[in-house]
Amino acid sequence: MIISILLLFSLAAGNPVNTPESERASVSGIVTDAQTGETLLFANIFIRGSQTGTTTNTSGFYSLSGMPPGRHVLQFTYVGYIPVEHEITLEQGQRLRLDVQLQPSDLMLQEVVVQADAEREEVRNIGTAQVTTQLIREVPAVLQADVFRSVQLLPGVKAASDFSSGLYIRGGGPDQTLILLDRTTVYNPSHFFGFFSTFNPDAIKDVRLYKGGYPAEFGGRLGSVLDIYNKDGNRNKRAGVVSLGMLSSRAMIEGPIVDRGSYMFAIRRSTIEPLLAALRGTVDTVPDSFYFYDINGKINVDINRDNRLSMGFYGGEDNVKFPFGDDLEFNLRYGNRTLSTTWTSIRSDRLFTTLTGTASQYFNKPLFSFGGTEFTRDNSIWDFSLKSDAEFMLNRAHSFKAGVWAGSLTLELNDTFDGNESLQSLIETQYITGYAQHQWDISSTLSTNYGIRVNYFSQGDYVRAEPRISLEYSPEPALRLQLAYGRYHQFLTLITNEAFSGFDVWLTTDRGVPPAWGDQFVAGVKVYPFQGYNFEAEVYYRTMRDLFELDPRTADATGTDYAELFRFGKGFAYGFELLLEKSSGRLNGFIGYTWGVTRRSFDGFNNNRFFPPKHDRTHDVNLVANYRLSSKWRSTAVFSYATGQAYTRVLGRTEIQNPFGSNPTRPVTVGKVNASRLPSYQRLDLGFTRDGSFFNLGKSEFQIQIINVYSRRNVWFYQFDLDENPAVQSEVPLLPILPTLSYTVFF
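Presented here is a report on the structure given in the accompanying data block. (Residues numbered from 1 in each chain as written. Predicted model: local features only at pLDDT ≥ 70, side-chain atom pairs only at ≥ 80, totals over all residues. Heavy atoms only, no water.)

1. Overview of the overall build of the protein
Here is step 1: Helices and strands together make up the secondary structure of the protein, namely 5 helices and 47 strands.
Here is step 2: On C-alpha atoms alone, the protein measures out to a radius of gyration of 27 Å, which is about the 27 Å that the 2.2 N^0.38 rule sets for 747 residues.
Here is step 3: With respect to the principal axes defined by its C-alpha atoms, the protein has extents near 100 × 60 × 50 Å.
Here is step 4: Expressed as a percentage of its 747 residues, the buried residues of the protein come to 54%.
Here is step 5: Long-range contacts, defined here as pairs at least 24 residues apart, represent 64% of the contacts in the protein between residues at least 6 apart.
Here is step 6: Approximately 31,600 Å² of the protein is accessible, and the part contributed by carbon and sulfur atoms is 58%.
Here is step 7: Taking the average place of the 70 positive charges on the side chains of the protein and the average place of its 78 negative ones, the gap between the two points comes to 4 Å. (Helix = DSSP H or I, 4+ residues; strand = E, 2+ residues; numbered from the N terminus. Rg over C-alpha atoms; globule rule 2.2 N^0.38 Å. Buried < 20%, exposed > 50% of the residue type's maximum accessible area, 1.4 Å probe, protein only. Contact = heavy atoms within 4.5 Å. Areas by Shrake-Rupley, 256 points an atom, 1.4 Å probe, with all protein chains shown as cover. Lys, Arg positive; Asp, Glu negative; His and termini not counted. Charge placed at Lys NZ, Arg CZ, Asp CG, Glu CD.)

The structure is reproduced here in structure tokens:
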């Protein structure tokens, strides 16, 4: 029904070319990497001499419909690849299949990189950013290359601390970002107590962040979407990577399956155990045992030229055992499992469909033992779903996308104390979502994408609709003006701790606990002043209504009605972001600046006044610079500056005489909620990479990285002496200077 309505709108817009319907032709196909056969996501296809073009979808498929008969020259570009031109001659009504392979460019061919980068920017949408795997590998990181740490360098994205890989995007917390791996929801994407994310950089093909104002095809969270795809595997030859690091080591192998597909398997495991063993006995806080691992895999099989089956999986776990004295011991296991099976089908030159089945599990199992008395928790999430999407390209001006996502979600929480059950909670809910969106290129300078998303959540029997629209006006190729609006709903809330994500608990809406919702307004401008340079500016404002989180004043959840466990509130965030990027030359990189404000208010708390949450930071600056020192050596520098985090200051004690006893009470007095600020945060990281060979068996990379070069003692939080003098505070610092080494072999 929705598609029919959008189709009527598109027909009313008229045919963009003065050619009868029966005479129009089309060209479609798949764009891949010439060396590996990997599909290239969001590659650009242009008709030379015009501003008409398209991009490949998440399966590498493109379609240009409604083309008049005659001679055309198609340009295919992708960042980091040599552009290719194909001259074609279309006959009346012809449906041409044109699969294209792009050759990766040599790093020294700077002019090629310039052209690819400039054209890539031409198709970037509002609020969208891409993180390349090259950036992830080369940005200096604490002991381990990490996807989330690289994402945190983008404008609008804030990091809570050196010890947290959580994403705080445009005023939202980590639970307001939907994280997808091969179209599957990941509920706790962290390792090492939240220190870094679960995504192995060797297994990743594409990382795309939708910060806000995104279209109807995405939903389920109030704020943003991080969409990650694993590699499909090399279709031409067997290849692999082995990397040895101080925290963990990695290995990946990929190759073809008898000319009918490909495979990719990657594994990563901690290698920090020898260091912990050396420290044990001299440092009190070293765990008795600790390890983590993760495994990624993907298998692709071509049924025929137009149909492909793929299965991807991920499994990861952390296991730690901590002693806290002679009688107290703590043990924790937590992790994720995901599985997805996808059937992609090219039904025609205009119709592309995707059918995906997913399964996702998150669990954490802490155990506390004190003097023989044990407290245990078994917390798990099971999410099974089926997704169906269809893309229809009517002509060069109109394309449609629609889909349905239905699933079953189970959240289970069981606590025991001294062998007896103390808390049991089982939430089973079903959800179904449908969306339809229409991309309409009104003219060569004006386009719009509008649609609607409808959500049903059985826990509470809620139905919510979400309209979305974006506009883009490009008066000339070097200038793009953009607007976007969207409504978003969230049916889940997260109970987490910034310092330690292993105890994360998700809860859902129910009767008396309505879903959170909010509106987003975004305006942006993108300018390409010179070849290889890009400037972006975006302004955003977003509301957050019916926020629900566990009420900290609830002393005992046993026997309490579900709705009474929560406190409800509202919030807002606004700000602007600037990005200046140089994408070529021996010296390249970017500088990003964010000015942002976010506030929250909860009923019955702080006199219902708005207050800044802890992650509110007014100013945030990140500078990333890459410089090729020689044919063998290259360097990377990252400098970060941010306003100090908000906190509530302890002022002292007040002595109150007790009329019913001889001893006065001395309650602690505090300042306004989060009205004080920690000192500003700043850090400089340096990295050096040497390219070489490993006994002529393959290429190699040796990396030296220095974290916090001038050992700035950034403050994590303050501790207050609540026994003697609460006004006295001591600093708990973040990371000092920290050198790291790694060696990687490519074969």
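That covers the picture; the talk isn't over yet.
2. Quick notes on the sheet that holds strand E5 (residues 70-77)
Here is step 1: As summarised here, the arrangement of the 4 strands in space is E3-E2-E5-E6, forming an open sheet in which the pairing is antiparallel. In this open sheet, the two edge strands, each paired with only one partner strand, are strand E3 (53-55) and strand E6 (84-90). Here the average twist between neighbouring strands, direction ignored, is 20°.
Here is step 2: Sheet topology note: the strand E2 (residues 44-47)/E3 ladder contains 3 bridges and is antiparallel. Considered in E3, the bridge of Ile45 is made with Thr54. (Pairing = 2+ DSSP bridges. Axes fitted to C-alpha atoms, helices over the stretch in contact; angles between N-to-C directions.)

3. Description of the side chain of Glu536
Here is step 1: Take Glu536: it is sitting in strand E34 (residues 533-550).
Here is step 2: Judged by relative accessible area, Glu536 falls into the buried class, the value being 9%.
Here is step 3: Here Asn534 takes part through its side chain, which lies 3.1 Å from a polar atom of the side chain of Glu536. (Polar contact = N/O pair within 3.5 Å; in protein donor to acceptor, adjacent residues only side chain to side chain.)

4. Examining a nonpolar patch on the surface
Here is step 1: Taken together, the side chains of Val301, Ile303, Leu309, Trp343, Leu355 and Leu386 present a nonpolar region at the surface, about 490 Å² in accessible area.
Here is step 2: In this structure, Leu309 sits in strand E22 (residues 307-323). (Patch = residues over 30% accessible without salt bridge, like charges linked within 9 Å, V, L, I, M, F, W, Y side chains within 5 Å. Salt bridge = Lys/Arg side-chain N within 4 Å of Asp/Glu carboxyl O.)

5. What to know about the packing of aromatic side chains
What characterises a pair of aromatic rings is the spacing of the ring centres plus the angle enclosed by the ring planes.
Here is step 1: All told, the structure shown has 34 aromatic pairs when counted by the stated rule.
Here is step 2: With centroids separated by 5.1 Å and ring planes inclined at 40°, the aromatic side chains of Tyr485 and Phe521 adopt a geometry described as tilted. With Tyr485 in strand E30 (residues 479-490) and Phe521 in strand E33 (residues 516-527), this residue pair connects regions lying 36 residues apart in the sequence.
Here is step 3: Residues Phe694 and Tyr743 carry aromatic rings whose centres are separated by 6.4 Å and whose planes lie at 55° to one another, so their mutual orientation is tilted. Remark: Tyr743 occurs in strand E47 (residues 738-746) and Phe694 occurs in the loop between strand E43 (681-693) and strand E44 (699-707); sequence separation between them is 49 residues.
Here is step 4: Phe694 gets classed as partly exposed once you look at its relative accessible area, which sits at 30%. (Phe/Tyr/Trp six-rings, centres within 6.5 Å; stacked < 30°, edge-to-face > 60°.)

6. Topic: the sheet that holds strand E13 (residues 184-185)
Here is step 1: Taken together, the 5 strands give an open sheet; going across it, the order is E9-E16-E17-E12-E13, and neighbouring strands pair in mixed fashion. In this open sheet, the two edge strands, each paired with only one partner strand, are strand E9 (128-131) and E13.
Here is step 2: Examined bridge by bridge, strand E16 (residues 204-210) and strand E17 (residues 224-230) share 6 bridges and lie antiparallel to one another. Pairing of Tyr210 across the sheet is with Val225, part of E17.

7. Some points on the nonpolar core
Here is step 1: The biggest cluster of nonpolar side chains holds 40 residues, and the ones touching the most others in it are Tyr187, Val225, Ile381, Leu409, Trp506, Tyr562 and Phe566.
Here is step 2: Non-local contacts of Leu409, meaning those with residues more than four positions away in its chain, are made with Tyr187, Ile381, Trp382, Asp383, Ile427, Glu428, Thr429, Tyr431 and Leu492.
Here is step 3: Val131, Ile169, Val186 and Val638 belong to the second largest nonpolar core, which has 27 residues in total. (Core = buried A, V, L, I, M, F, W, Y, C linked by side-chain atoms within 4.5 Å.)

So far we have only geometry, and geometry alone does not tell us how the molecule works.
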